[in-house]
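Here is what each chain is made of, one letter per residue.
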Amino acid sequence: MAVACWAVSGLGYGVLAALDEPHLPVAPLIGMGLVQWFWARHRFWPAAVAAGLAGAAVLFALVDVLRPGLGRSVADALATGAAATVALAVFTLVGRGAGRHRDAAH
């Protein structure tokens, strides 16, 4: 899933940059893909909430740091890909931690 997020981020922002249209963000498209993935296969709400918060924090922090040096399209693509990767990592870690906790309780 992380590879798909990076591919959509890179291709999406690349196409938008080529069309000189920096105001159509790809991040919501990736977010909707992650929500679909979660809803179809991995309905564990605590992990989803943690992942959403972590991903949003990384996205907004990286955009502010990267835009001055890299420009809007490149910074947005990198920040979006990194945010999706962090969100997936947090989702996995929280899910596994809760799984161990549930296994120990039984």
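Look a little higher up for the structure.
Residues numbered from 1 in each chain as written. Predicted model: local features only at pLDDT ≥ 70, side-chain atom pairs only at ≥ 80, totals over all residues. Heavy atoms only, no water.

## Description of the overall build of the chain
Along the chain, the regular secondary structure elements total four helices and zero strands. Each helix and strand of the chain, ordered N terminal to C terminal, gives the series α-α-α-α. Residue pairs at least 24 apart in sequence account for 68% of intrachain contacts in the chain once pairs closer than 6 positions are excluded. Carbon and sulfur atoms form 71% of the exposed surface of the chain, whose accessible area is close to 6600 Å². (Helix = DSSP H or I, 4+ residues; strand = E, 2+ residues; numbered from the N terminus. Contact = heavy atoms within 4.5 Å. Areas by Shrake-Rupley, 256 points an atom, 1.4 Å probe, with all protein chains shown as cover.)

## So, helix 3 (residues 45-70)
Within an α-helix, residues lying three or four positions from one another point in the same direction, as the helix has 3.6 residues per turn. With 26 residues, helix 3 ought to run about 38 Å at 1.5 Å a step, and its terminal C-alpha atoms sit 35 Å apart, in line with that. At Asp 64, helix 3 shows its strongest bend, of approximately 30°, with the proline Pro 68 following within four residues. Taken residue by residue, helix 3 has Ala 47, Ala 51, Ala 54, Gly 55, Leu 59 and Val 63 as its buried positions. The first or second residue beyond helix 3 is Gly 71, which carries a positive phi of 90°. (Expected span 1.5 Å × (residues − 1). Bend = angle between axes of the 7 residues up to and from the residue. Buried < 20%, exposed > 50% of the residue type's maximum accessible area, 1.4 Å probe, protein only.)

## Let's talk about the side chain of Ser 9
Assignment of secondary structure puts Ser 9 in helix 1 (residues 2-18). Look at Ser 9 and you get buried, because its relative accessible area is 0%. Once residues lying within four places of it in the same chain are set aside, the contact partners of Ser 9 are Val 26, Ile 30, Asp 76, Ala 77, Thr 80 and Gly 81.

## Concerning the packing of helix 1 against helix 2 (residues 27-41)
For the pair helix 1 and helix 2, interaxial distance at closest approach is 10 Å and the crossing angle is 160°. With respect to their mutual orientation, helix 1 and helix 2 come out roughly antiparallel. Crossing of helix 1 over helix 2 shows right-handed handedness. Touching Cys 5, Val 8, Ser 9 and Tyr 13 of helix 1 are Ala 27, Leu 29, Ile 30 and Leu 34, all from helix 2. Classifying every residue of the contact of helix 1 with helix 2 gives seven nonpolar, one polar and no charged. (Axes fitted to C-alpha atoms, helices over the stretch in contact; angles between N-to-C directions. Parallel < 35°, antiparallel > 145°, perpendicular 65-115°, else oblique. Left-handed = near helix turned anticlockwise from the far one by under 90°. Nonpolar A, V, L, I, M, F, W, Y, C, P; charged D, E, K, R; others polar.)

## A closer look at the nonpolar core
With 16 residues, the main nonpolar core has Cys 5, Val 26, Ile 30, Leu 34, Trp 37, Ala 84 and Phe 91 as its most contacted residues. Those elements giving two or more residues to this core turn out to be helix 1, helix 2, helix 3 and helix 4 (72-105). No other element matches the five residues that helix 4 contributes to this core. (Core = buried A, V, L, I, M, F, W, Y, C linked by side-chain atoms within 4.5 Å.)

## Digging into the packing of aromatic side chains
The final tally for this structure, using the stated rule, is five aromatic pairs. Here the aromatic rings of Phe 38 and Trp 45 are separated by 5.0 Å at their centres, their planes lie at 75°, and the arrangement is edge-to-face. Grouped by ring-pair contacts, the aromatic residues Trp 37, Phe 38, Trp 39, Trp 45 and Phe 91 constitute a single cluster. (Phe/Tyr/Trp six-rings, centres within 6.5 Å; stacked < 30°, edge-to-face > 60°.)

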